[in-house]
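Spelled out from the first residue to the last, the chains are:
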Amino acid sequence: MEASERRVLSVIVINEASVLSRITDLFSGRGYNIESLTVAPIPDSKYSRLTIATSGSVRVIEQITKQLHKLIPIYKVIEHADLVEKEMALIKFPITESLSDIDALCGAYNGRIVNVGENVIIAMVADEPCRVGHFLESIKRFNPKEIVRSGAVALER
Amino acid sequence: MEINGSRMIIEALIAEGVTKVFGYPGGAIMNVYDEIYKQDGFEHILARHEQAAIHAAEGFSKVTGEVGVAMITSGPGFTNAVTGLADAYMDSIPLVVISGQVPMSLIGTDAFQEIDAVGISRSCTKHNYLVTDAKDLPRVLKEAFYIARSGRPGPVHIDVPKDVSAQIAEFDYSLPIELETYKPNTRGNARQIKKAMDAIAGSSRPLLYLGGGIMNANATEEARELAKTMGIPAVETFMARGTMGHENPLLISMLGMHGSYAANMAMSETDLVIALGARFDDRVTGKLSEFAKNAGVIHVDIDPASISKLVNANYPIVGDVKSVMEEMIILAKDKIDSERYAPWLETVAHFDELHPLSYKDDSDRLKPQWCIERLGELLGDDANISTDVGQHQMWAAQFYPFRRARQFISSGGLGTMGFGFPAAMGVKAADPERVSVNITGDGSILMNIQELMTCVENKLPVINLILNNNYLGMVRQWQTLFYDKRHSSTPLEMQPDFKMLAESFGGIGYVVETKEEFDAAIKDAVEKNVVAMIDVKTHRLENVMPMVPAGGSLFNMMLESKD
Ligand SMILES: Cc1cc2nc3c(=O)[nH]c(=O)nc-3n(C[C@H](O)[C@H](O)[C@H](O)COP(=O)(O)OP(=O)(O)OC[C@H]3O[C@@H](n4cnc5c(N)ncnc54)[C@H](O)[C@@H]3O)c2cc1C
Ligand SMILES: Cc1ncc(C[n+]2csc(CCOP(=O)(O)OP(=O)(O)O)c2C)c(N)n1
């Protein structure tokens, strides 16, 4: 087996109803892996930008790029080599946990406490996906009730 | 002008030069059929099953090179057509298929005959559309034809809700196509072509590996000239049969699972594979790690995704194989010394002498291979040959003397039993001057038998040549060879009387057991000019040989047929 590596692709597509399902169908139909997928319209254009984090051998990644490009409403596929990559996470903690400890930890990962309610604290961080992963490991001791990750977004340097 | 959506479909088909449409009506597509009734710009041929309508459109397209068109209703009409779409997708056949859909207001409510048609067709079409407003129809129709026939051809599906086909909007078909996200590359990179030619000049055992892309590109003449200019031997894929022409001294034969010994050995011994519009299918390569092991690879293909998908290309060239070969021919004239490969040609000739494609004839019972060879002698270039799927299909590819482009029409990629008869019907509709034969098996023919009616009604005299072995022969062969002769569900002991069956529809039938009867039946069927079923009782346990067992290496062929 050829070695598998993680890759982030940016895919520029025309905004139309079925374009997202074309892409996800392609991944599932051909047995490609999606680690995360984010999508949002590009301001002042008829395009949207998807960021797909995936993994596979060099040959598989090349096929993914080519097969994506073959889809008619896809304008551009950028396979990032040198990129800035960020991901956001929101975490809900019980109100009984230490506010200041959580706040300090979030600070180290470009985050902060964003909401304190009657029963819960909500915090956010925004950092490289692997660092977000580390952060989520380190907050286990604060008994997080719920975690949501956004998936990666990326820009070429 | 302002017209309704249905009329737009008619106008667009006429503007595209469509002469024949194959289809089957139903509730959701009735508006369109009403407009079909009112026009005389094209002929509508009523198939007797939606799958057959699509295969007929495929046959029509394969022979003419034009976009085939089919029309179906929503729900079961559409789902019946899916096999045809998938077949066209696998074999790169340009089609535009228009289906009716429930009205927009009912979409998503599990309405009567509602199915998510574009959801289903997405993975088996080149592109598809759900049209939600009639004002989009002119653009969608025009794009559909363009997408179907350009680049790597393929089927395009348009789903039209019933209220959209009734909706009135502006129709202007002269507007240019603006598809900024779809621009297929047709000119190969000149520097890359030059490098490839240098590689050929430096090789000593180069081999042309010709694929169906050459048919798509209408480039058989260029392929013949390129081979001749360079003095390099060629193997053809199943989809490329007819490219070089049967008697061409540079043609080795078909390669692959049922390719000839010489073709497969040449592929195993070559030092440079020159792939032209071929896609390294697993039926061709066998075990990938052993495939053309010591060879460099030049790969010309219009679809970048075909290149380096399975076999790494040292010289990838994205472009139309016709224009690339034209450039190669010019360069070959001063770069290539065609004498250089004479020893290699001798080696190849030696392979062929060692184990030529052959079979043992039998005086008691007809051999299927003899039937194909004889058919070739009787009809030769005057016939278009379609096939179903199975042993008969492989024998047709091995033993019919193909000499023309687009003469051989068969389901290669999907291997769809039931393809042959309706395809041959579409072929006859497209090319009425030539005899249209469907070489079939006693299993396959029953998968679209209802088309006897379409042929009689529309005077499409297809000749069905049934090589009747009372088995699902190809599966029986695998059971014989790999499942210790456990013939599970493959004996076809129960059969209709094919002669009477044909006659009951108004066609003509023959039962053939001897060589004399074979000749007589073919001659009579050609003369009678009505749909025919020739039921040829053949040897039951004949195997297709040579054979590379699935996943085996090309050079490890079974050569002998043992029962
Ligand atoms: C029972 C059975 C057994 C089979 N056994 C064999 C066998 O022994 N040997 C064999 O060869 N096949 C066999 N097949 C058929 C096989 O499954 C494939 O269909 C076939 O090998 C594919 O042929 P191809 O590579 O020529 O590709 P095609 O499917 O014809 O694809 C054409 C290629 O050309 C490209 N192309 C299209 N247009 C152009 C253009 N204008 N310019 C450049 N490129 C273009 C396309 O992108 C594509 O990559 C068998 C099928 C069945 C059902
Ligand atoms: C729709 C479909 N179902 C099943 C198969 C699997 N299959 C491939 S060949 C074959 C046997 C075909 O038998 P027949 O048409 O009698 O031809 P023969 O092999 O005997 O020449 C079968 C069942 C297929 N290719 N297509």
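Because the structure is predicted, anything quoted here is derived from the model rather than measured. (Residues numbered from 1 in each chain as written. Chains lettered and ligands numbered in written order. Predicted model: local features only at pLDDT ≥ 70, side-chain atom pairs only at ≥ 80, totals over all residues. Heavy atoms only, no water.)

This brings us to the site of ligand 1. Residue and element names in this part refer to chain B. For ligand 1, the set of nearby residues contains 36 residues, the closest of which are G212, T237, R279, D301 and D320. Interatomic distance of 2.8 Å between a backbone N/O atom of L255 and a nitrogen atom of ligand 1. Interatomic distance of 2.6 Å between a side-chain N/O atom of D301 and an oxygen atom of ligand 1. With the chains in place, 96% of the 990 Å² that ligand 1 exposes on its own is no longer accessible. At the level of elements, α9 (213–216), α12 (282–285) and α16 (391–399) are the ones that each hand at least two residues to the shell around ligand 1. Across the shell around ligand 1, the residue classes break down as 13 nonpolar, 16 polar and seven charged. (Near = heavy atom within 4 Å. Polar contact = N/O pair within 3.5 Å; in protein donor to acceptor, adjacent residues only side chain to side chain. Areas by Shrake-Rupley, 256 points an atom, 1.4 Å probe, with all protein chains shown as cover. Helix = DSSP H or I, 4+ residues; strand = E, 2+ residues; numbered from the N terminus. Nonpolar A, V, L, I, M, F, W, Y, C, P; charged D, E, K, R; others polar.)

Where the parts come together, the accessible area they lose is often given as the size of the interface. Residues and elements named next belong to chain A. According to the domain assignment, chain A contains domain 1 (5–81) and domain 2 (84–156). With centres defined by C-alpha atoms, the gap from domain 1 to domain 2 works out at 27 Å. With 10 residues of domain 1 at the interface, the matching set in domain 2 holds nine residues. In this assembly, domain 1 packs against domain 2 so that about 650 Å² is buried in total across both faces, 48% of it on carbon and sulfur atoms. E85 is paired through a salt bridge with R6; the nearest N and O atoms lie 2.7 Å apart. (Domains from an automatic or database assignment. Contact = heavy atoms within 4.5 Å. Buried area = accessible area lost by both parts, 1.4 Å probe. Salt bridge = Lys/Arg side-chain N within 4 Å of Asp/Glu carboxyl O.)

All names here are of chain B. Running from N to C, helix α15 (residues 368–379) and helix α21 (residues 515–528) cross one another at 45 degrees; their axes reach a closest spacing of 11 Å. Judged on the interaxial angle alone, α21 and α15 are oblique. The element α15 and its partner α21 pack so that their crossing is right-handed. Along the contact surface, α15 presents W370, C371, R374, L375, L378 and L379, while α21 presents K515, F518, D519, I522, K523 and V526. For the contact of α15 with α21, the residue count by class is eight nonpolar, no polar and four charged. (Axes fitted to C-alpha atoms, helices over the stretch in contact; angles between N-to-C directions. Parallel < 35°, antiparallel > 145°, perpendicular 65-115°, else oblique. Left-handed = near helix turned anticlockwise from the far one by under 90°.)

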